[in-house]
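# Fold and geometry: a report
Each chain, letter by letter, is given below.
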Amino acid sequence: MKEFNFKGLHPAFVEAINRHEPSIAFTLADGNGRFVFLLFMATNSSGKIVWGDLELFILLARTQTMLRFKLLGNHKNNGDFKVRFNSQDEAAIRVELGLHDAAQGPAFALESFLSKLNGMIPTSIPLEEKIATIKTDRGAIESNCKSYFDEASKVYLLRAGPLPAGKHPREETLRKLYMLNASATDIASLITNLKKIRWTTYWTATKSTTSTFAEIFAKVTASVPSH
């Protein structure tokens, strides 16, 4: 078991909290490998962030292998994002990179490789980029991260509507919008406007023929105060 601290996550983590956008998603490429980092914070029924244990997912996108880690350390204040890699994790990373068995292929130092990835982590991630990242690999994310999406089986957007006073949309509900077949820019705009007017989205497990994304987008946009 090898421990590594992804301290490079701290700026993006603080940004996500300050923007009340508790989802992090970005992709790093190295050689043959593509590494998708995912971190989802929970929210309560009022839409506020719930502080507790966090997980870091790293999707090895070329081989479609998902690594899942419990995050250790004080994330917000100390900027610690410690994870523990076992031998299976290391082997999966080697396969993602296209490396052969250690006895035959080039030397591979896991800590040096992780340090390289850590140095590549963006300090700021626009919402559009998070959405685009998740849309690209939504199949693997839907399969492995269901608990971070509200009622994950309900994938068809039904409508949008206001919340009771004092309530804000839950991130687990808004994240489902990331998966839709609409542009990342339009989805980001819809999410921003939903938060402004304290509306949420409603979903169904049955394909809906009532409202299209464009109709819901137009309704929400028209409800945003012009001043």
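Everything discussed here concerns the structure shown above.
Residues numbered from 1 in each chain as written. Predicted model: local features only at pLDDT ≥ 70, side-chain atom pairs only at ≥ 80, totals over all residues. Heavy atoms only, no water.

## Quick word on the pairing of strand β2 (residues 23–30)
The element β2 is extensively covered by neighbouring structure, given that six of its eight residues are classed as buried. Here β2 pairs with strand β3 (residues 33–40) via eight bridges, running antiparallel. Residue pairing across strands places A25 opposite L38, the latter belonging to β3. Between β2 and the antiparallel strand that follows it, β3, lie two residues; G31 among them carries a positive phi value of about 60 degrees. (Buried < 20%, exposed > 50% of the residue type's maximum accessible area, 1.4 Å probe, protein only. Helix = DSSP H or I, 4+ residues; strand = E, 2+ residues; numbered from the N terminus. Pairing = 2+ DSSP bridges.)

## Some words on the side chain of T43
Position of T43 relative to the elements: it lies in strand β4 (residues 42–43). By relative accessible area, T43 is classed as buried at 4%. At 3.1 Å, the side chain of T43 forms a polar contact with the backbone nitrogen of E171. Every residue in contact with T43, bar those within four places of it in the chain, is listed here: P22, K48, I49, V50, R170, E171 and E172. (Polar contact = N/O pair within 3.5 Å; in protein donor to acceptor, adjacent residues only side chain to side chain. Contact = heavy atoms within 4.5 Å.)

## Details of helix α9 (residues 213–223)
For α9, the complete set of buried residues consists of F213, I216 and V220. The buried residues of α9 occupy an angular sector of 70 degrees when projected down its axis, which confines them to one face. Along α9, the residues that are exposed and aim more than 90 degrees away from the buried face are A214 and A222. On the buried face of α9, the contacting elements are β9 (156–162), α8 (184–197) and β10 (199–204). (Arc of directions from axis to C-beta.)

## Re the pattern of salt bridges
All told, the structure shown has 13 salt bridges when counted by the stated rule. Residue R84 is joined to E3 by a salt bridge in which the shortest nitrogen-to-oxygen separation is 3.1 Å. One end of the pair, R84, is in strand β8 (residues 82–85); the other, E3, is in strand β1 (residues 2–5), and 81 residues separate them in sequence. Look at R84 and you get partly exposed, because its relative accessible area is 46%. (Salt bridge = Lys/Arg side-chain N within 4 Å of Asp/Glu carboxyl O.)

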